[in-house]
Amino acid sequence: RDASRSCKVMAFSPDGSLFAWCNGQQVTVVRLPSGEVVHEMKEHPRVVGLLFSPLSTYMATWEVIVGKGNPYPNLHLWDMKTGQKAKSFVHKRQTDWEPQWTDDEVLCAHAVNEIHLFENGDFSHIARKLDVQKVAGYKLSPGPPPHKIAVYVPGQKGGPSFVRVFKFPDFATPLANKSFFKADKADIRWNKKGTGLLVLCATEVDQTGKSYYGEQNLHYIGVDGVSSIVQLSKNGPIYSTDWNPDSTEFCVVYGFMPAKATIFNLKCEPVFDFGTGPRNLCSYNPQGNNILSAYMSLIYWGRLEVWDRRKLQKIALVQAPDTTYFSWSPDGVHFVTATTSPRLRVGNGHKMWHYTGHQLDEKMLGMNEELWEAAWQTYQPGVFPDPQLSYQPVRAAAQQQDAKPAVYRPPGARALGHTSATKLHEEELPQNERMEKGDENLSKAALKNKKKREAKKAKQQQQQAPMEQRDALAVATHILGAPPPSVTSTVVSADSEKKIKGLKKKLRQIEQLKEQQKSGKQLESNQLEKIKGEAALLKELEQLELGS
């Protein structure tokens, strides 16, 4: 315990063997679990940034430059074996001060006006330079060689912004290139294997005036050059994205409240929809690389849902009011929630939980104390086995947690009790629950209106069936070049009619895409896949018409 009240920063090394902090007087590095002091850097008492390299060979420190004279080196790389400085830089901004390493520490990158790359721990000279003008952000890829680097360049004078992916050391030709107009800033997020990345683009102002937060779009870029936009089914901000550690899928929380959460595959196709709710974060546990036992948590306004990723079933619902911080334990079984300053300056403290919803520990601070940060000791991947999930305490934990919080209700609504009449928004159920419950989730009025709409639609379909059948046959004849069969006035069933309408719509979309392609427009990968499926759609349409 450091009793100083001036501690502003702390960090574990990636393998958990070292722990460092600065208390306003010096930077101290200790070895764990013994607590033996390894290094003390007394000449740098104003350090506010700490970062270890992936193999714990180096530690980077950053401090604020004081004074108005010539800037002096304020970013230092320390050799953890000797405790001596390996390299020093001048870096004025705190926002992107962190140097970046590849997982094997073969490359270390530092951005100035261009990106400087140092190789094999040799900081005496710059091994390579990536000279891309106006670089506003970059990310080295994790995973094994060959190493890649993604750079973001904002648009100039009305031109498009772009993200380019290069392979080291060949910077002449990019592996992938994606341009977009709506991007005042971009956040690059690689998957764990370094095979693809997500780019979260944002504008400062939403031209439509629908959102105070500006406008956001999410793009996927693969190192094989394939790119596509992630089509989100609800308008609004994108609150959170997270890659599954197995690098085969990602989760997105998006849309105006109540927000949606959806898992997408690498083709940017939705895999599972969690429905809507007032959520703002998604997080896979570290064992997400094993699809059989990976599960994720969705945190929102003091409530957390824990899901089994393999079965796509909810394990627990946890109430943790005033939560401002959440983090999985390296073992993938426990997680911590905390209330921290300066987000909230009262009621600070942390709680430790088991994934089944049981609270295991709680530490609350006094009235005049503030909690700034909480962090798990880190471990190398593979130290902890994949957890075997248990569903035994799920129901009891959920009921117990639901009974705790007291919900404010206006006087006029208190007599109604816990009814849907007091809800501000009707929330969608998760995909699996919607399939199970069907109409059970609808109110009496909604169910009555649904039946009316279905009856009206069925009547219209019966009246329009002969005309639609002739139109569909004409489309098939025109495209396939087959002689038109005799058209009868047979009434097509409601199911067949619905399928025919859907196929005709898809065929029209494909024709539009073909015209765009002919005009020279570059299509996304999912649009090209749609064009490839034209023959199958035509065959299905022909079978439906013959069967009717």
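Residues numbered from 1 in each chain as written. Predicted model: local features only at pLDDT ≥ 70, side-chain atom pairs only at ≥ 80, totals over all residues. Heavy atoms only, no water.

- The protein chain is annotated in an unreviewed UniProt entry as Eukaryotic translation initiation factor 2A of Branchiostoma floridae.
- UniProt, in its Sequence similarities (unreviewed entry) section for the protein chain, records the words "Belongs to the WD repeat EIF2A family." (UniProt positions renumbered as here; feature names shortened; annotations may be inferred.)

1. Comments concerning the nonpolar core
Moving on, step 1. In terms of nonpolar packing, the biggest core is built from 15 residues, with Ile-115, Leu-130, Ile-149, Val-151, Phe-166 and Phe-171 touching the most fellow members.
Moving on, step 2. Of all elements in the fold, only strand E10 (107–111), strand E11 (115–119), strand E13 (137–140), strand E14 (148–153) and strand E15 (161–167) reach the threshold of two or more residues within this core.
Moving on, step 3. In terms of residue count, E14 provides more of this core than any other element does, three residues in total.
Moving on, step 4. In contact with Ile-115, other than residues within four places in its own chain, are Ala-109, His-110, Arg-128, Lys-129, Leu-130, Val-135, Tyr-138, Ile-149 and Val-151.
Moving on, step 5. Counting residues in each nonpolar core, the second largest holds 14 residues, with Ala-11, Val-27, Met-41 and Met-80 among its members. (Core = buried A, V, L, I, M, F, W, Y, C linked by side-chain atoms within 4.5 Å. Buried < 20%, exposed > 50% of the residue type's maximum accessible area, 1.4 Å probe, protein only. Helix = DSSP H or I, 4+ residues; strand = E, 2+ residues; numbered from the N terminus. Contact = heavy atoms within 4.5 Å.)

2. Looking at the packing of aromatic side chains
Moving on, step 1. Per the counting criterion, the structure on display carries 19 aromatic pairs.
Moving on, step 2. Pairing Trp-243 with Phe-250 gives two aromatic rings, centres 5.3 Å apart and planes at 65°, and the pair type is edge-to-face. Neither residue differs from the other here; Trp-243 and Phe-250 are each classed as buried.
Moving on, step 3. In textbook terms, an aromatic cluster arises when at least three aromatic residues are bridged by ring pairs, as seen for Tyr-58, Phe-89, Trp-101, Phe-118 and Phe-123.
Moving on, step 4. Here Arg-164 stacks its cationic end above the ring of Phe-162, 3.8 Å away from the centre of that ring. (Phe/Tyr/Trp six-rings, centres within 6.5 Å; stacked < 30°, edge-to-face > 60°. Lys NZ or Arg CZ within 6 Å of the ring centre and 35° of its normal.)

3. Looking at the pairing of strand E18 (residues 196–202)
Moving on, step 1. For E18, the buried fraction is high: seven of the seven residues fall into the buried class.
Moving on, step 2. On E18, burial covers both faces: Gly-196, Leu-198, Leu-200 and Ala-202 on one face and Leu-197, Val-199 and Cys-201 on the other are all buried.
Moving on, step 3. By the bridge criterion, six bridges tie strand E17 (residues 185–190) to E18 in an arrangement that is antiparallel. Directly across from Ala-186, in E18, lies its bridge partner Cys-201.
Moving on, step 4. Hairpin connection from E17 to E18: five residues lie between these consecutive antiparallel strands, with Gly-194 at a positive phi of about 75°. (Pairing = 2+ DSSP bridges.)

4. Overview of the sheet that holds strand E20 (residues 227–229)
Moving on, step 1. Strand order in the open sheet formed by four strands is E17-E18-E19-E20, and the pairing between neighbours is antiparallel. Both edges of this open sheet fall to E17 and E20, since each of them pairs with a single strand only. Sheet twist, expressed as the mean angle between neighbouring strand axes with direction ignored, is 20°.
Moving on, step 2. One ladder, built from three bridges, connects strand E19 (residues 216–222) with E20; its direction is antiparallel. (Axes fitted to C-alpha atoms, helices over the stretch in contact; angles between N-to-C directions.)

5. Remarks on the pattern of salt bridges
Moving on, step 1. What the rule picks out here adds up to nine salt bridges.
Moving on, step 2. Linking Lys-260 and Asp-273 is a salt bridge whose minimum nitrogen-to-oxygen distance equals 3.0 Å. One end of the pair, Lys-260, is in strand E23 (residues 259–265); the other, Asp-273, is in strand E24 (residues 270–277), and 13 residues separate them in sequence. As far as burial versus exposure is concerned, Lys-260 and Asp-273 are alike and both buried.
Moving on, step 3. Linking Lys-514 and Glu-534 is a salt bridge whose minimum nitrogen-to-oxygen distance equals 2.5 Å. Of the two residues, Lys-514 sits in helix H4 (residues 494–518) while Glu-534 sits in helix H6 (residues 534–547), which places them 20 residues apart along the sequence. (Salt bridge = Lys/Arg side-chain N within 4 Å of Asp/Glu carboxyl O.)

6. A few points about the environment of Lys-532
Moving on, step 1. Following the sequence through the fold, Lys-532 ends up in helix H5 (residues 525–532).
Moving on, step 2. Sequence separation between Lys-532 and Ile-510 is 22 residues; the distance between their C-alpha atoms is 9.2 Å.

7. Describing the side chain of Lys-178
Moving on, step 1. With respect to the helices, strands and loops of the structure, Lys-178 is situated in strand E16 (residues 176–180).
Moving on, step 2. Side-chain polar atoms of Lys-178 contact the side chain of Glu-524, separated by 2.6 Å.
Moving on, step 3. When near neighbours in sequence (up to four residues on either side) are disregarded, Lys-178 contacts Ser-161, Phe-162, Val-163, His-219, Ile-221, Ser-227 and Glu-524. (Polar contact = N/O pair within 3.5 Å; in protein donor to acceptor, adjacent residues only side chain to side chain.)

8. Observations regarding the sheet that holds E23
Moving on, step 1. Spatially, four strands are ordered E21-E22-E23-E24 in an open sheet, and the strand pairing comes out antiparallel. Whereas interior strands pair on both sides, the edge strands pair on one side only; in this sheet they are strand E21 (238–243) and E24. Averaged over neighbouring strand pairs, the angle between their axes works out to 15° when direction is ignored.
Moving on, step 2. Examined bridge by bridge, E21 and strand E22 (residues 249–254) share five bridges and lie antiparallel to one another. Residue pairing in the sheet places Thr-241 in a bridge with Val-252 of E22.

9. Looking at unusual backbone geometry
Moving on, step 1. In the segment running from Leu-32 into Pro-33, the intervening peptide bond is cis, with an omega of 5°.
Moving on, step 2. Looking at the element boundaries, Pro-33 is found in the loop between strand E3 (27–31) and strand E4 (36–41).
Moving on, step 3. Pro-342 follows Ser-341 through a cis peptide bond whose omega is 5°.
Moving on, step 4. Not every positive phi belongs to a glycine, and Asn-120 is a case in point at roughly 55°.
Moving on, step 5. Secondary-structure assignment places Asn-120 in the loop between E11 and strand E12 (128–130).
Moving on, step 6. By relative accessible area, which is 56% here, Asn-120 ends up exposed.
Moving on, step 7. Positioned with a positive phi, Ser-247 is a non-glycine residue whose angle comes to about 65°.
Moving on, step 8. One can find Ser-247 in the loop between E21 and E22.
Moving on, step 9. Assessed through its relative accessible area of 3%, Ser-247 is described here as buried.

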